Amino acid sequence: MSKFITIKPLDTLFFRGAKPFNKSSDSWSDADSLPFPSVVWGALYAHLYYKHEEAKEDKSFKNLKIKNIYIYNFKDKSTFLPMPNDVFTDGKKIYIGEYKKVPNGSSYPLEYINCANSDESVERLKESFIRIDSLSREYIKKSKSPIYSKATKIFISEYKVGIALDKSRKSTKEGHLYRVDLTQFCKKWGFLIEYDLDMFEFEKSGYLKLGGESKVAKFEHITKTNYIESHEEYIEQLKMKFDNEEYFKLYIKTPTAFKEGWRPTLDGYKLLSANIDSYLSIGGFDMKSAKQREMRRYVPSGTVYLFEKKKEESYQEITELIRQEIAEYNDTHKGFGLFEILEA
């Protein structure tokens, strides 16, 4: 049974990026504004690791399974996901992209492109988060008024400057001045994590360490929000009418790796269009072996694929097919490869 836990950062956070960094050859660290799923999983599991002796056994690692990672507003309990990458703005209005045939002579490898139905100059609505009930309402209905929040309203970017010390000389090292980018969450914002855990138990509330500098964050269990329940009702309705759908969207909620890089294969299904931002390079550090993990490329959260549907396949059958493909190339228990099937 799923459980829900909020995480409220109490300090600035540092989430290391993919670029190598040492103070002698680089002066500016590569950092991300938000953590990768494995960072959230690691923070939660580290808390269990020091509370339960059995959690230190390898067989226990997959017992904690991340099912969803939301941006959460503590004031009104609103719940957000990354903005789908087929949403546009002209600075004033919002446009849900429409799919049109690719012009003759185009080098685009798929049949359809996604564009806004507007005469104004538009760009993709990036660095934004859509409220989950609006994803299944305004977004699906292609309304020009989805409920969303810009990243700048949720967190701000800060930085700190440091310099390496030479302990033998008890002085600073020449040429070792550096800058580190940090994320500071606004007062009422944080994370909401949906997870499964059978073998161990978290306390109802407490504190954990999050991010590259082990900053303190407060956690607390809550009941499922009304916004999530509203979205789940939409999914149940979609399951009932899915047989009549000709197309469907595959919406990627967290970074996902595929066998063929940027595209899912889904044997028997035709990929018509792909709305992808630049790829992510994700590695990490293996605490057990004390070694860097191999760097891999992932499609980012918010990616949207358009598929042509086979009439005889149900919502559940397509979901299972996607889940099997993603599980082969992703640590799904850590929260990578989370997705939704939506109406096209």
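Before reading on, note that the structure itself is shown above.
Student: Would you mind going over the overall build of the protein in detail, with residue names and values included?
Tutor: Within the protein, the regular secondary structure consists of 5 helices and 25 strands. Out of the 344 residues in the protein, the part that is buried amounts to 46%. Of the contacts formed within the protein by residues at least 6 apart in sequence, a portion of 71% connects residues at least 24 apart. Carbon and sulfur atoms provide 47% of the accessible area of the protein, an area that totals close to 18,600 Å².

Student: Can you tell me about the nonpolar core, naming the residues and giving the values?
Tutor: Counting 42 residues, the largest nonpolar core has Tyr139, Phe248, Tyr305, Phe307, Ile322 and Ile341 as its most contacted members. Per element, the largest residue contribution to this core is 5 residues, and it comes from helix H4 (residues 226–241). Phe307 has contacts with Glu246, Tyr247, Phe248, Leu250, Pro264, Leu266, Tyr269, Lys270, Leu271 and Leu272, leaving out every residue within four places of it along the chain. Counting 31 residues, the second-largest nonpolar core is a separate cluster that includes Trp41, Ile66, Phe191 and Leu197.

Student: Help me get a handle on the sheet that holds strand S7 (residues 94–96), residues and values and all.
Tutor: With antiparallel pairing, the 3 strands of this open sheet are ordered in space as S7-S6-S10. Two strands close off the open sheet at either side, each with one partner strand: S7 and strand S10 (123–124). Here strand S6 (residues 87–89) pairs with S7 via 3 bridges, running antiparallel. Counterpart to Phe88 in the pairing with S7 is Tyr95.

Student: If you had to explain a nonpolar patch on the surface to someone new, which residues and values would you point to?
Tutor: Residues Leu10, Tyr207 and Val216 make up a contiguous nonpolar surface patch of about 300 Å² in total accessible area. Along the chain, Tyr207 turns up in strand S16 (residues 205–210).

Student: Give me the lowdown on the packing of aromatic side chains, citing residues and values where you can.
Tutor: Two numbers describe a pair of aromatic rings. These are the distance of the centres and the angle of the planes. Applying the stated criterion across every chain yields a total of 13 aromatic pairs. An aromatic cluster of three or more residues is present, and its members are Phe242, Phe248, Tyr269, Phe307 and Tyr315. Above the plane of the ring of Tyr279 lies Arg297, whose end atom (NZ or CZ) is 3.9 Å from the centre.

Student: Could you give an account of helix H1 (residues 37–49), with specific residues and numbers?
Tutor: Spanning 13 residues, H1 covers 18 Å between terminal C-alpha atoms, matching the ideal 18 Å at 1.5 Å per step. Within the sequence span of H1, burial applies to Pro37, Val40, Trp41, Ala43, Leu44, Tyr45, His47 and Leu48. On its buried face, H1 is in contact with strand S1 (3–9), strand S4 (64–73), strand S15 (189–197), S16 and strand S17 (215–222).

Student: Go over the environment of Glu123 with me, naming the residues and quoting the values.
Tutor: With respect to the secondary-structure elements, Glu123 resides in strand S10. A residue is classified by how much of its surface remains accessible, and Glu123, at 54% relative accessible area, is exposed. On a C-alpha basis, the gap between Glu123 and Tyr95 in space is 9.8 Å, while along the polypeptide they are 28 residues apart. Those residues in contact with Glu123 that sit more than four places away from it in its chain are Val87, Phe88 and Thr89.

Student: I'd like a description of the pairing of strand S19 (residues 270–275), backed by residues and values.
Tutor: Of all 6 residues making up S19, 5 are buried, and the element is well covered by its neighbours. Bridge count for S19 against strand S24 (residues 304–308) is 5 bridges, and the pairing is antiparallel. Across the sheet, the residue bridging to Ser273 is Leu306, located in S24.

Student: Could you give me a rundown of the environment of Ile66, with the residues and numbers involved?
Tutor: Within the secondary structure, Ile66 sits in strand S4. Remark: the alpha-carbon pair of Ile66 and Pro37, spanning 29 residues in sequence, is separated by 8.2 Å. Ile66 has contacts with Trp41, Leu44, Ile193, Glu194, Tyr195, Thr332, His333, Lys334, Gly335 and Leu338, leaving out every residue within four places of it along the chain.

Student: Before we move on, can you summarise the sheet that holds S24 with the specific residues and values?
Tutor: Pairing in this open sheet of 4 strands is antiparallel, and the strands run S19-S24-S18-S25 from one edge to the other. Two strands close off the open sheet at either side, each with one partner strand: S19 and strand S25 (339–343). The sheet shows a mean angle of 25° between the axes of neighbouring strands, taken without regard to direction. In this sheet, S25 lies alongside strand S18 (residues 247–252) in antiparallel orientation, the contact comprising 5 bridges. Along S25, the bridge assignment pairs Lys249 with Leu342. Packing of helix H5 (residues 315–329) onto the sheet brings it into contact with S18 and S25, and relative to S25 it is tilted by some 145°.

Student: Outline the pattern of salt bridges, listing residues and values.
Tutor: The full count for this structure, using the stated rule, is 16 salt bridges. Between Lys270 and Glu111 there is a salt bridge, and its shortest N-O distance comes to 2.3 Å. Within this pair, whereas Lys270 is found in strand S19, its partner Glu111 is found in the loop between strand S8 (98–101) and strand S9 (112–115), the two being separated by 159 residues in sequence. For Lys270, a relative accessible area of 39% gives the class partly exposed. Through salt bridges with shared partners, a single ionic network connects Arg131, Asp133, Arg137 and Glu138.

Conventions used here
- Residues numbered from 1 in each chain as written.
- Predicted model: local features only at pLDDT ≥ 70, side-chain atom pairs only at ≥ 80, totals over all residues.
- Heavy atoms only, no water.
- Helix = DSSP H or I, 4+ residues; strand = E, 2+ residues; numbered from the N terminus.
- Buried < 20%, exposed > 50% of the residue type's maximum accessible area, 1.4 Å probe, protein only.
- Contact = heavy atoms within 4.5 Å.
- Areas by Shrake-Rupley, 256 points an atom, 1.4 Å probe, with all protein chains shown as cover.
- Core = buried A, V, L, I, M, F, W, Y, C linked by side-chain atoms within 4.5 Å.
- Pairing = 2+ DSSP bridges.
- Patch = residues over 30% accessible without salt bridge, like charges linked within 9 Å, V, L, I, M, F, W, Y side chains within 5 Å.
- Salt bridge = Lys/Arg side-chain N within 4 Å of Asp/Glu carboxyl O.
- Phe/Tyr/Trp six-rings, centres within 6.5 Å; stacked < 30°, edge-to-face > 60°.
- Lys NZ or Arg CZ within 6 Å of the ring centre and 35° of its normal.
- Expected span 1.5 Å × (residues − 1).
- Axes fitted to C-alpha atoms, helices over the stretch in contact; angles between N-to-C directions.

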